[in-house]
Amino acid sequence: MKDKLQSIKEDALSQIKDAEMLDRLNEVRVSFLGKKGELTALLKSMKEVPPEERPAFGQLVNETRQQIETALDETKKKLEQTAMERRLAEEVIDVTLPAKRNHVGHRHPNTIAREEVERIFVGMGYEVVEGPEIEYDLYNFEKLNIPADHPAKDEQDTFYINKDIVLRTQTSPVQARVMEQGKLPIRMISPGRVFRSDEVDATHSPSFHQIEGLVVDKNITFADLKGTLADFAKELFGEETKTKFRPHHFPFTEPSAEMDVSCFKCGGKGCRFCKGSGWIEILGCGMVHPHVFEMCGIDPDVYTGFAFGVGLERIALLKYEIDDMRLLYENDVRFLKQF
Ligand code: DAH
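Because the structure is a prediction, the values reported are computed rather than measured.

A. Structural context of helix α1 (residues 2-18). Under the 1.5 Å per step criterion, the end-to-end length of α1 is 24 Å for 17 residues, consistent within 8% with the ideal 24 Å. For α1, the full list of buried residues reads Leu5, Ile8, Ala12 and Ile16. Projected down its long axis, α1 carries its buried residues within an arc of 60°, all on one side. The exposed set on the far side of α1, more than 90 degrees from its buried face, consists of Asp3, Lys17 and Asp18. Looking at the packing, one finds that the buried side of α1 touches α2 (22-33), α3 (38-44) and α4 (54-90).

B. Geometry of the environment of Arg114. Note on placement: Arg114 falls in helix α5 (residues 109-123). In sequence terms Arg114 and His209 are 95 residues apart; their C-alpha atoms lie 9.3 Å from each other. If we skip the residues at most four places from it in the chain, Arg114 touches Pro191, Ile211 and Leu312.

C. The arrangement of the site of the ligand in detail. Within the structure, the ligand sits among 16 residues, and Gln170, Gln175, Arg196, Gln210 and Glu212 are positioned closest to it. Here Phe308 contributes a backbone N or O atom positioned 3.3 Å from an oxygen atom of the ligand. Taken by itself the ligand offers 350 Å² of open surface, and the protein chains cover 91% of this. Among the residues forming the shell around the ligand, the class breakdown is 5 nonpolar, 9 polar and 2 charged.

D. Representation of the packing of aromatic side chains. Under the criterion given, the structure shown has 10 aromatic pairs. Residues Phe222 and Phe245 carry aromatic rings whose centres are separated by 6.3 Å and whose planes lie at 70° to one another, so their mutual orientation is edge-to-face. Remark: Phe245 occurs in strand β6 (residues 243-250) and Phe222 occurs in helix α9 (residues 222-237); sequence separation between them is 23 residues. Every member of this aromatic cluster is reached through a ring pair, and the members are Phe121, Tyr126, Phe232, Phe306 and Phe308. Its guanidinium or amino end placed over the ring of Tyr139, Arg177 lies 4.3 Å from that ring's centre, counting from NZ or CZ. Here Lys265 stacks its cationic end above the ring of Phe273, 5.8 Å away from the centre of that ring.

E. Representation of the sheet that holds strand β9 (residues 304-311). Judged by pairing direction, the sheet is mixed, and its 7 strands sit side by side in the order β1-β4-β5-β9-β8-β7-β6 without closing on themselves. Each edge of the open sheet is held by one strand with a lone partner, namely β1 (127-128) and β6. In this structure, strand β4 (residues 186-195) lies alongside strand β5 (residues 207-217), joined through 10 bridges in antiparallel fashion. Among the inter-strand pairings, Arg187 is bridged to a residue of β5, identified as Val215. The sheet contacts of α9 involve β6, β7 (253-262), β8 (279-288) and β9, and relative to β8 the element is tilted by about 150°.

F. Quick peek at the pattern of salt bridges. Under the counting rule described, the total for this entry stands at 20 salt bridges. Of the charged contacts in the structure, one is a salt bridge between Glu180 and Lys143, with a shortest N-O distance of 2.5 Å. One end of the pair, Glu180, is in helix α8 (residues 173-180); the other, Lys143, is in the loop between α6 (137-140) and α7 (152-155), with 37 residues separating them in the sequence. A relative accessible area of 34% means that Glu180 is categorised as partly exposed. Asp164 is the partner of Lys163 in a salt bridge, and the nearest nitrogen-oxygen pair spans 3.5 Å. A relative accessible area of 68% places Lys163 in the exposed class. By relative accessible area, Asp164 is classed as partly exposed at 41%. Ionic contacts of the salt-bridge type, sharing partners, join the residues Arg246, Glu258, Asp260 and Glu281 into one network.

G. Examining α8 more closely. Among the 8 residues in α8, 6 count as buried, and that is most of the element. All of the buried residues in α8 are Pro173, Val174, Gln175, Ala176, Val178 and Met179. Just downstream of α8, Gly182 is the residue with a positive phi angle, here 75°.

Rules of the game
Residues numbered from 1 in each chain as written. Predicted model: local features only at pLDDT ≥ 70, side-chain atom pairs only at ≥ 80, totals over all residues. Heavy atoms only, no water. Helix = DSSP H or I, 4+ residues; strand = E, 2+ residues; numbered from the N terminus. Expected span 1.5 Å × (residues − 1). Buried < 20%, exposed > 50% of the residue type's maximum accessible area, 1.4 Å probe, protein only. Arc of directions from axis to C-beta. Contact = heavy atoms within 4.5 Å. Near = heavy atom within 4 Å. Polar contact = N/O pair within 3.5 Å; in protein donor to acceptor, adjacent residues only side chain to side chain. Areas by Shrake-Rupley, 256 points an atom, 1.4 Å probe, with all protein chains shown as cover. Nonpolar A, V, L, I, M, F, W, Y, C, P; charged D, E, K, R; others polar. Phe/Tyr/Trp six-rings, centres within 6.5 Å; stacked < 30°, edge-to-face > 60°. Lys NZ or Arg CZ within 6 Å of the ring centre and 35° of its normal. Pairing = 2+ DSSP bridges. Axes fitted to C-alpha atoms, helices over the stretch in contact; angles between N-to-C directions. Salt bridge = Lys/Arg side-chain N within 4 Å of Asp/Glu carboxyl O.

Remember that the coordinates give geometry; whether it matters functionally is a separate question.
What follows is the structure in structure tokens.
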């Protein structure tokens, strides 16, 4: 038995010495000290040892176990140390290497302009509302006082999904959707993509963006419209900006107007930028038509309101003095990163 113990000990110590990986070391531990290990088996066969020799033999087994465990622990520490050193050597970082340039993205001029308009109106207490780009003819036209045979429908020819569903030609349908919900008063803007079957040129695109505005409350007058939009123009183009309202026609407002701003390039004297007139056309607006109120379930004898629609690209082009709308859609980073 003693010989057996001696040979187990030698065997174990030599296997521990040879172990090069932690996994292997663990295997050695299990094969000698585990439940079915050799040393454990030896302990189980103690009954073969004469009773008077048992205490001494037991002590010997324990000592051997102790020696094997110590050897295992020491080797484990050594292997862990080498593993750590290897990792440190492999993962060394040379902080003196030149850094890789990180090409961070850039906001599109349209996005910058939209966020600017949103900032201005949110500051005046407006809510930002979204509406669907694929819209019912009902909201895009009918509820905005543009019936099937109305000539305004020709001007806004668009892409039809079927006879009742279109790609919206304007953000104005969001007005009808918000009014229908019946929560009054309303103070909202709604930016978004719109579509028309237009040929691409320097000022047209089959897909562009508008920002709609709508205010509905008791006692809203044309003076509120003028004051609000004049303030908006000053915030957007500078404190010196003057505004002018020209009579116009939109089916869903009465009266309707177009607003011009004094040219922020020449201050109104007339230059190439404003084509000599001193004024730049900027948006359409008007007092919400009583018939539109009725179709959206609001009593026009109690409530009044104003609405407006701004072309987002128009603002981006003016603000950044870009002379061709197509540049906005070409996604040429050299162009986009100037703004
Ligand atoms: N939707 C109009 C267009 O695309 C712009 C517009 C004009 C919107 C007057 C309005 C408005 O809300 O009151 O030409």
